Protein chains: 2
Amino acid sequence: MLTERQLLVLQIIIDDFIETAHPVGSRALSKKGSIPYSAATIRNDMADLEDMGFLEKTHSSSGRIPSEKGYRYYVDHLIAPLSSEQNIRIIRNIMKEGIYEFEQIVQMSAEVLSELTNYTSIILGPELSETKLKQLEILPLSTHTAVAILVTDTGHVEHRSFTVPGKIDLSDLEKVVNILNDRLKGVPIIRLEEVFQKEIVGLLKRYIDDFGSSQHYLQAIISQSNPVKVYIGGKSNILMQPEFNDVDKIRSFYSMIENENEIANLLKSKKDGIGVSIGNENKVEAIKDLSLITATYQLGKDQMGTIALLGPTRMEYKKVISLLSSLSKELSEALYKWYKTSE
Amino acid sequence: MLTERQLLVLQIIIDDFIETAHPVGSRALSKKGSIPYSAATIRNDMADLEDMGFLEKTHSSSGRIPSEKGYRYYVDHLIAPLSSEQNIRIIRNIMKEGIYEFEQIVQMSAEVLSELTNYTSIILGPELSETKLKQLEILPLSTHTAVAILVTDTGHVEHRSFTVPGKIDLSDLEKVVNILNDRLKGVPIIRLEEVFQKEIVGLLKRYIDDFGSSQHYLQAIISQSNPVKVYIGGKSNILMQPEFNDVDKIRSFYSMIENENEIANLLKSKKDGIGVSIGNENKVEAIKDLSLITATYQLGKDQMGTIALLGPTRMEYKKVISLLSSLSKELSEALYKWYKTSE
DNA sequence: GTTAGCACTCGTATCATTTGAGTGCTAATA
DNA sequence: TATTAGCACTCAAATGATACGAGTGCTAAC
């Protein structure tokens with residue numbers, strides 16, 4: 001369907017445009033020597049490629065720029081995964097310090113990723129669906145206040161302080177904590193509230209004198225919204241890209257990127273492996289002129305997190321894809337080592 | 001030194017410029033009716049005010065805009081603190097939900113503050129100098145990994161996971177945790193490391209068989225850098241201001257605002273009460289054309305945090321100052337109630 | 001002391017013109 | 001038949017002239 005030469009032309013145009021962000025003209029291409037045909041020949045192919053929807057013009061006598069369909073074809077057929085010894089070296093460098101803390105390493109990865117690409121990186125922590133409660137503690141801080149701490153088997157810690165009207169009865173508190181731990185340890189985080197309601201409320205009512213007044217607080221602790229953690233790196237790096245030379249674009253980008261929920265939803269639905277969404281392929285309005293590359297990483301058996309890069313549709317797909325797939329592999333490995341003895 | 005009329009002119013010009021962001025001309029002022037003098041008279045006063053350095057021109061035949069000296073005078077002499085029933089109502093609304101968590105309330109305050117003003121708000125958590133250790137826990141997650149949790153008397157929780165090469169000996173761990181709690185409870189956070197070195201290392205060496213190999217990990221837990229928490233609200237709200245219509249300005253603003261350390265340093269040195277730094281009065285290069293209004297709030301006896309708003313020098317000083325002072329008062333009160341029983 | 005009047009300044013908006021990189025099409029060439 | 005050269009045409013962006021308007025400073029009159 002596409003001749004050899006047309007493929008070549010398409011490829012060169014996209015490469016060129018990715019590099020320069022300027023429309024690519026036939027004459028300039030021919031002169032640059034990366035293709036041994038005359039401007040006229042290239043022009044013919046360009047016209048064909050435009051008819052087929054792979055290229056576009058910004059105005060009637062401009063050079064060509066890739067269409068989204070063009071990028072899609074490019075990503076699907078024209079890029080060979082880069083051998084990425086260099087990437088791996090960089091990534092190993094992040095990892096080698098020894099994982100002191102999962103969150104730290106993720107944060108750092110996000111920053112490096114963005115630094116390396118000048119796009120904005122987003123990392124989603126693992127979904128909590130399979131995470132289980134390891135331990136629950138409630139420490140009294142004073143007569144009326146206490147802090148509840150919730151630890152999962154992945155080492156994730158959540159805490160919440162609260163204040164109660166009456167005095168805290170220390171022996172009651174101990175009883176409550178014991179019962180809670182007894183019944184809730186090993187229960188998946190997302191089922192905590194359900195189990196609490198079904199199995200524990202009744203139990204506590206029998207054992208604790210004035211349980212009614214405390215139920216509300218306990219419930220708040222247990223059912224705390226457990227959003228997936230979102231790490232974003234280099235929000236301002238993306239401003240280096242020429243497509244963000246427009247103040248309005250910056251505004252809408254930032255008001256999107258600051259809404260973590262939206263971002264989490266954006267990424268949550270991604271399936272395994274590398275995913276590429278170009279421009280309007282994205283369902284979220286605010287990034288319909290950006291591209292999103294996602295990769296997943298494994299944590300334990302069933303848990304999964306997502307790494308992503310958000311940049312202009314004119315993105316260095318080759319580099320980004322290889323970088324993300326390296327990183328996701330390394331991350332999975334490091335986390336495997338870290339958690340393998342947990343089960 | 002300044003005539004009544006000159007004061008009036010200065011005041012009106014600044015008010016007008018704050019509102020519109022456009023240079024103010026004599027004719028327009030006179031016509032608007034807010035001052036009962038002719039354009040010529042106003043012009044004379046304007047010229048005098050310019051000679052004295054309170055006003056500036058953007059070019060030889062433009063209207064006047066306030067100079068930094070002008071803003072300074074305005075802030076120091078021309079604004080009467082707004083009676084802020086409305087502010088207080090808004091703020092009370094934030095507070096009344098009941099403080100479930102200090103951090104949550106601070107975060108929320110920051111956002112509301114920014115929403116109300118369209119500037120960027122910054123809140124510094126309390127300095128930890130006077131905060132004391134309430135409890136230290138180390139929970140094993142698996143044979144090689146554990147998570148350490150550190151709770152302060154203010155209900156602040158820090159945690160850190162780590163992995164050790166050898167197996168974790170549970171009875172040793174218990175001993176260690178007991179010794180640590182025994183010796184470190186009530187010790188100010190900033191002195192933790194010192195006390196650990198002086199009093200505990202020796203002790204542990206005697207009690208624990210293979211203490212040498214674990215010392216490193218314990219140390220890491222205890223001496224974790226305890227930076228002051230920074231909450232920033234409405235990073236993108238400030239883009240609404242017309243002075244941010246320039247992409248380069250946005251770039252430099254964002255690369256500053258994303259460096260939390262720099263911001264923490266910027267605010268840490270502020271003394272009690274309300275502080276106003278206008279333009280070049282700021283020592284940090286990146287905000288030399290912005291104004292920073294700070295207020296402090298109290299937490300307990302000696303601890304102090306800072307609330308700030310960062311906006312263009314053309315800032316609604318009146319509104320911002322009253323808003324900040326109301327909020328700092330409310331925050332201090334709320335925190336007082338919250339922590340009063342702690343000691 | 002205040003104001004009216006007037007010449008002057010300068011940024012901004014508008015419009016015509018030029019320039020240059022690009023295109024499509026046709027005819028010549030290999 | 002596939003490629004290339006040539007040419008007329010298009011359009012964005014840069015340049016420059018012009019008009020406009022909001023502003024100023026200064027002087028003289030009130």
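Conventions and cut-offs
- Residues numbered from 1 in each chain as written.
- Chains lettered and ligands numbered in written order.
- Predicted model: local features only at pLDDT ≥ 70, side-chain atom pairs only at ≥ 80, totals over all residues.
- Heavy atoms only, no water.
- Pairing = 2+ DSSP bridges.
- Helix = DSSP H or I, 4+ residues; strand = E, 2+ residues; numbered from the N terminus.
- Axes fitted to C-alpha atoms, helices over the stretch in contact; angles between N-to-C directions.
- Contact = heavy atoms within 4.5 Å.
- Buried < 20%, exposed > 50% of the residue type's maximum accessible area, 1.4 Å probe, protein only.
- Core = buried A, V, L, I, M, F, W, Y, C linked by side-chain atoms within 4.5 Å.
- Domains from an automatic or database assignment.
- Buried area = accessible area lost by both parts, 1.4 Å probe.
- Least-squares fit on C-alpha atoms with pLDDT ≥ 70 in both.

### Notes on the sheet that holds strand β7 (residues 230-233) of chain A
Residues and elements named next belong to chain A.
- Spatially, five strands are ordered β7-β3-β10-β9-β8 in an open sheet, and the strand pairing comes out antiparallel. Strands with a single pairing partner mark the edges of an open sheet, and in this sheet they are β7 and β8 (275-278). Going across the sheet, the axis of each strand differs from the next one's by a mean of 15°, ignoring polarity.
- Both β8 and strand β9 (residues 290-299) contribute to a ladder of four bridges, which runs antiparallel. Paired with Ile278 across the bridge in β9 is Ser291.
- Docked against the sheet, helix α11 (residues 260-268) engages β3 (120-124), β7, β9 and β10 (303-312), running at close to 75° with respect to β3.

### What about the environment of A:Tyr231?
Residues and elements named next belong to chain A.
- Positionally, Tyr231 belongs in strand β7.
- Note on Tyr231: relative accessible area 6%, which makes it buried.
- Taking C-alpha positions, Tyr231 is 5.7 Å from Ile122, a pair spaced 109 residues apart along the chain.
- Sequence-distant contacts of Tyr231, defined by excluding residues within four places in its chain, comprise Glu103, Val106, Gln107, Ser121, Ile122, Ile123 and Gly125.

### Overview of the nonpolar core
Residue and element names in this part refer to chain B.
- Formed by 49 residues in total, the largest nonpolar core has its most connected members in Tyr74, Ile293, Ile307, Tyr317 and Leu324.
- Secondary-structure elements contributing two or more residues to this core are α1 (4-20), α3 (39-51), α4 (68-78), α6 (102-117), β8 (275-278), β9 (290-299), β10 (303-312) and α12 (317-339).
- Taken domain by domain, the makeup of this core includes at least three residues from each of domain 1 (4-78) and domain 2 (85-127 + 228-339).
- Sequence-distant contacts of Tyr74, that is, excluding residues within four places in its chain, are made with Gln11, Ile14, Asp15, Ile18, Ile79, Tyr317 and Lys318.

### Focus: the domain arrangement of chain A
Residue and element names in this part refer to chain A.
- In terms of domain boundaries, chain A breaks down into domain 1 (4-78), domain 2 (85-127 + 228-339) and domain 3 (131-222).
- Inter-centroid distance (C-alpha atoms) of domain 1 to domain 2 is 29 Å.
- Of the residues lining the interface, eleven residues belong to domain 1; the matching set on domain 2 comes to 15 residues.
- The junction of domain 1 with domain 2 conceals about 1,000 Å² of combined surface from both sides, 61% of it contributed by carbon and sulfur atoms.
- The largest per-residue losses of area from domain 1 upon contact with domain 2 belong to Ile18, Glu68 and Arg72, which jointly make up 50% of the total buried on that side.

### Looking at the relation of the copies chain A and chain B
- Rotating chain A by 180° about the axis while translating it 0.0 Å along that axis superimposes it on chain B, leaving an RMSD of 0.2 Å. Both copies are brought into coincidence by an operation consistent with a two-fold rotation axis. Distance from the rotation axis, computed per C-alpha, reaches its smallest value in chain A at A:Val247: 3.1 Å.
- Taken as a fraction of all interface residues of chain A, those also at the interface in chain B reach 96%, which identifies the copy contact as same-surface.

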